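Residues per chain, in single letters:
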Amino acid sequence: MTQENLSADSAVSDSLAGIDPNFIFDFQAYDDDLDDGQRWSTWLSVEPLSRGPEPRPDWVVTSQGAIDTELGVLKTGKEADAFLIVRADPLFPEQEALMVAKRYRDSDHRTFHRAASYTEGRSVKRSRDERALKKNSTFGREVAKAEWANAEWNALVRCWNLGLPVPYPVQIDGTEILMEWIAVDDGNGELETAPRLAQTRPERHVLEMWWDGLVDSLATMVQAGMVHGDLSPYNILAQQDRLVIIDLPQIIDLVGNPLGFDFLLRDIANVAKWFQARGLEVDEQEVYADLMAHAF
């Protein structure tokens, strides 16, 4: 170290003399230049209720200096597209998290089937929004997009708090939801998105374990008065020894929706059919009756 550096350090030390150490910190500047496909973290820009429930998993990055980098498209769907992003603080490499960004499309570019059936029994907070929805105006279509995103966010938070196997909801910002990336080892030490249930060919003991876990999850949802509403082997991910339920924007109030029980029976039948085709003897009517016992 040169004499000039020693003198500078001494001057800084003298200027801090007598100041409470709790008020002293190192300042490190961030580079303001971001590449295409990057943005600053919006963690502290959203309302507290728009952030995931506590206690939060250790992997969640809350640094305001973190940068979100889009890595590519994971899935395109009828109502939204899912992207893989990494949120990382460039000054603290250990703070890094891979997440899914689910972005809802506007109503001109999505197709919710039987949307009115799903939303029966739901309420809209503001009368202005409700009128716009009924008129299907430009503003109404924006309200509809936000309502679907908020419905999924609220469902994820509620399910997570119930201990259900769903992706951890990190935050919602407008019509974008950031959530946990459900991944598995690809066999070469790298991570990849967990396969959908429909893509798997499990052994008998795994099949039985998955079915029991899925029925337990449905029972927990029914006890809480919820029905997935669109459950199938295509919106369930297989992550090692557990099944993770995804795609929850259409979640239904079991009692408030006149078709709640019909949707429940359809959900059970959809997944039971897949398990039956792989040799597991399950009776959807029997499971439905058992779940009704949980509901009342």
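See the structure above.
These numbers were taken from a predicted model, which means no experiment stands behind them.

A closer look at the overall build of the chain
For the chain, the helix and strand inventory stands at 7 helices and 12 strands. Expressed as a percentage of the 296 residues in the chain, the buried residues total 42%. The contacts of the chain with a sequence gap of at least 6 include a subset with a gap of at least 24, amounting to 63%. A total of about 16,600 Å² of accessible surface is found on the chain, and carbon and sulfur atoms cover 50% of it.

Focus: the packing of helix H5 (residues 204-223) against helix H7 (residues 284-295)
In contact at an axis separation of 8 Å, H5 and H7 are set at 35° when each is read in the N-to-C sense. In this structure, the crossing between H5 and H7 has a hand that is right-handed. Two secondary-structure elements touch here, H5 through Trp 211, Val 215, Leu 218, Ala 219, Val 222 and Gln 223 and H7 through Val 287, Leu 291, His 294 and Ala 295.

Notes on H7
Taking 1.5 Å per residue, 12 residues should reach 16 Å; H7 reaches 16 Å between its end C-alpha atoms and fits that length. Every buried residue belonging to H7 is among Val 287, Tyr 288, Leu 291 and Met 292, and all of these are buried. The buried side chains of H7 occupy one side of the element, clustering within an arc of 145° when seen end-on. In this structure, H7 carries Glu 286 and Ala 293 as exposed residues pointing more than 90 degrees from its buried face. Among the structural elements, H5 and helix H6 (260-277) are those in contact with the buried residues of H7.

Brief notes about the pattern of salt bridges
If you walk through the whole model with that rule in mind, you get 12 salt bridges. Ionic pairing is found between Glu 70 and Arg 103, a salt bridge with its closest N-O pair at 2.8 Å. With a gap of 33 residues between them, Glu 70 in strand S2 (residues 67-76) and Arg 103 in strand S4 (residues 92-104) connect regions that are remote in the sequence. Glu 70 gets classed as partly exposed once you look at its relative accessible area, which sits at 34%. When its relative accessible area of 23% is taken as the criterion, Arg 103 is described as partly exposed. Ionic pairing is found between Asp 247 and Lys 102, a salt bridge with its closest N-O pair at 3.1 Å. With a gap of 145 residues between them, Asp 247 in the loop between strand S11 (242-245) and strand S12 (252-253) and Lys 102 in strand S4 connect regions that are remote in the sequence. Because the salt bridges share partners, they merge into one network encompassing Arg 39, Asp 68, Glu 70, Arg 87, Arg 103 and Glu 176.

Describing the pairing of strand S5 (residues 169-173)
When you tally the buried positions in S5, you get 4 out of 5 residues, the bulk of the element. In the sheet, S5 pairs with strand S6 (residues 176-180) via 4 bridges, with the strands oriented antiparallel. Bridge assignment links Gln 171 to a residue of S6, and that residue is Leu 178. Between the end of S5 and the start of S6, which pair antiparallel, lie 2 residues, with Gly 174 showing a positive phi angle near 65°.

Observations concerning the packing of aromatic side chains
Centre-to-centre distance and the angle between the planes together describe a pair of aromatic rings. One pass over the structure, following the stated rule, counts 4 aromatic pairs. Note on Trp 160 and Tyr 168: the rings are 4.9 Å apart at their centroids and 75° apart in plane angle, and the pair reads as edge-to-face. Overall, Tyr 168 belongs to the buried group, its relative accessible area being 0%. Above the plane of the ring of Trp 43 lies Arg 51, whose end atom (NZ or CZ) is 5.6 Å from the centre.

Re the pairing of S6
Counting buried positions over the 5 residues of S6 gives 5, a clear majority of the element. Here 5 bridges tie S4 to S6, and the two strands are oriented antiparallel to one another. In the strand pairing of S6, Met 99 is matched with Glu 180.

What counts and what doesn't
- Residues numbered from 1 in each chain as written.
- Predicted model: local features only at pLDDT ≥ 70, side-chain atom pairs only at ≥ 80, totals over all residues.
- Heavy atoms only, no water.
- Helix = DSSP H or I, 4+ residues; strand = E, 2+ residues; numbered from the N terminus.
- Buried < 20%, exposed > 50% of the residue type's maximum accessible area, 1.4 Å probe, protein only.
- Contact = heavy atoms within 4.5 Å.
- Areas by Shrake-Rupley, 256 points an atom, 1.4 Å probe, with all protein chains shown as cover.
- Axes fitted to C-alpha atoms, helices over the stretch in contact; angles between N-to-C directions.
- Left-handed = near helix turned anticlockwise from the far one by under 90°.
- Expected span 1.5 Å × (residues − 1).
- Arc of directions from axis to C-beta.
- Salt bridge = Lys/Arg side-chain N within 4 Å of Asp/Glu carboxyl O.
- Pairing = 2+ DSSP bridges.
- Phe/Tyr/Trp six-rings, centres within 6.5 Å; stacked < 30°, edge-to-face > 60°.
- Lys NZ or Arg CZ within 6 Å of the ring centre and 35° of its normal.

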